[in-house]
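If you want the building blocks of each chain, they are given just below.
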Amino acid sequence: MTSGPGFELEAHAKINLTLEVLGKRDDGHHDIVSIMQTIDLHDTLAMRPSDEITLSCDDPELGGDDNLAFVAALKLREAAGVNRGVDISLGKRIPVSAGLGGGSSDAAAVLNGLNRLWELELDLPELEDIAAGIGSDVPFFLSGGTALVQGRGEHVVPLAHANIEWMVVVAPGPDLPDKTARLYGQIVASDHTRGVLTHKLAGRIRGGGDAPAQFFFNVFEPYADKVFPEYASIRETFRGLGAMGILMSGAGPSMFALAPSREVGVAWQLMLEMQHGLCSFLTRRWDPPDSVRKSTMRAHASRDSTT
């Protein structure tokens, strides 16, 4: 039974301005360093009090118990030691398994939403600990914006706003099973770095937001053609419209390019979709309100000073 007022939250997609792999860990996972940026492409979650935890989605295939939004609700209830429920209605717009972090963003929105709905008053580090147990990108999405992300994704350092605005994202389909494992299987020891490119870009952003595309990097990019059969031809189509510096986001297959203006971005997106039948989005950098960003930075500074 559902009762009481609810509210809606947006769960924003992300792109990776950089993604470097430092090496493989003893637990089989990899240490990465990345600069992530949320964009205004988003899913919508409506949350209302309920006796049980339930999830419905406008894509019926995503309404199961393995959906990260549902998992997040269970994990939070267990960690907080409460016996509460919620009815979650998920409207999907972010393509699934596309390297844009949609599932992780949904999970983070659930954690933030239930912290409010259930009046738990958990602070950000506590939520990040729970988020890290759900998925590698989930801690980042608790705050979003521009951030330096390290470890498996659990170490998040907020940055100043990156000086980028409009971009076009192309999201090829369909989903390829085990794509992330396949990509990690391609890289060799010589692909491991010390994160120099990422830290250089982070320094430029801290110094005033400068984020030139020539500093963007994705360790998986050289292997995308091998793992995603249509990747090369789609990238050439995108490039043929005049896009420069096209880069894969995360473990792909989505790719993006900065647009010099909204008008150019509109033209690219329309041609990609209308002439070439490609799923594409004109998007804009999205940042949380300054009050949220400042609170996030204070929380991380306080946590770092005690570790």
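Residues numbered from 1 in each chain as written. Predicted model: local features only at pLDDT ≥ 70, side-chain atom pairs only at ≥ 80, totals over all residues. Heavy atoms only, no water.

Colleague: Provide a residue-level description of the environment of Leu 148, including the pertinent values.
Modeller: Relative to the assigned elements, Leu 148 resides in strand β5 (residues 146-151). By relative accessible area, which is 3% here, Leu 148 ends up buried. Taking the C-alpha atoms as reference, Leu 148 lies 19 Å from Asp 40; in sequence the two are 108 residues apart. For Leu 148, the contacting residues outside a window of four places in its chain are Val 33, Ser 34, Ile 35, His 155, Val 156, Val 157, Leu 159, Thr 198, His 199 and Arg 206. (Helix = DSSP H or I, 4+ residues; strand = E, 2+ residues; numbered from the N terminus. Buried < 20%, exposed > 50% of the residue type's maximum accessible area, 1.4 Å probe, protein only. Contact = heavy atoms within 4.5 Å.)

Colleague: Outline the sheet that holds strand β7 (residues 166-170), listing residues and values.
Modeller: With respect to topology, 4 strands assemble into an open sheet ordered β9-β10-β7-β11, the strand pairing being antiparallel. Each end of this open sheet is capped by a strand with a single partner; those strands are β9 (247-248) and β11 (280-284). In this structure, β7 lies alongside β11, joined through 5 bridges in antiparallel fashion. Note that in β11 the partner of Val 168 across the bridge is Leu 282. Those strands touched by helix α8 (residues 231-240) are β7, β9 and β10 (255-258), and its axis lies near 20° from that of β10. (Pairing = 2+ DSSP bridges. Axes fitted to C-alpha atoms, helices over the stretch in contact; angles between N-to-C directions.)

Colleague: Which residues make up the nonpolar core, and what values go with them?
Modeller: Ranked by size, the top nonpolar core spans 38 residues in total, and within it Leu 45, Leu 76, Val 86, Val 110, Leu 111, Leu 114 and Trp 118 carry the most contacts. A per-element tally of this core places helix α2 (residues 102-117) first, with 7 residues. In this view, Leu 45 contacts Phe 7, Glu 8, Leu 9, Ala 11, Ala 69, Ile 88, Ser 89, Leu 90, Asp 106, Ala 109 and Val 110; residues no more than four positions away in its chain are not counted. Of all hydrophobic cores here, the second largest spans 29 residues; its members include Val 21, Ile 32, Phe 228 and Ala 243. (Core = buried A, V, L, I, M, F, W, Y, C linked by side-chain atoms within 4.5 Å.)

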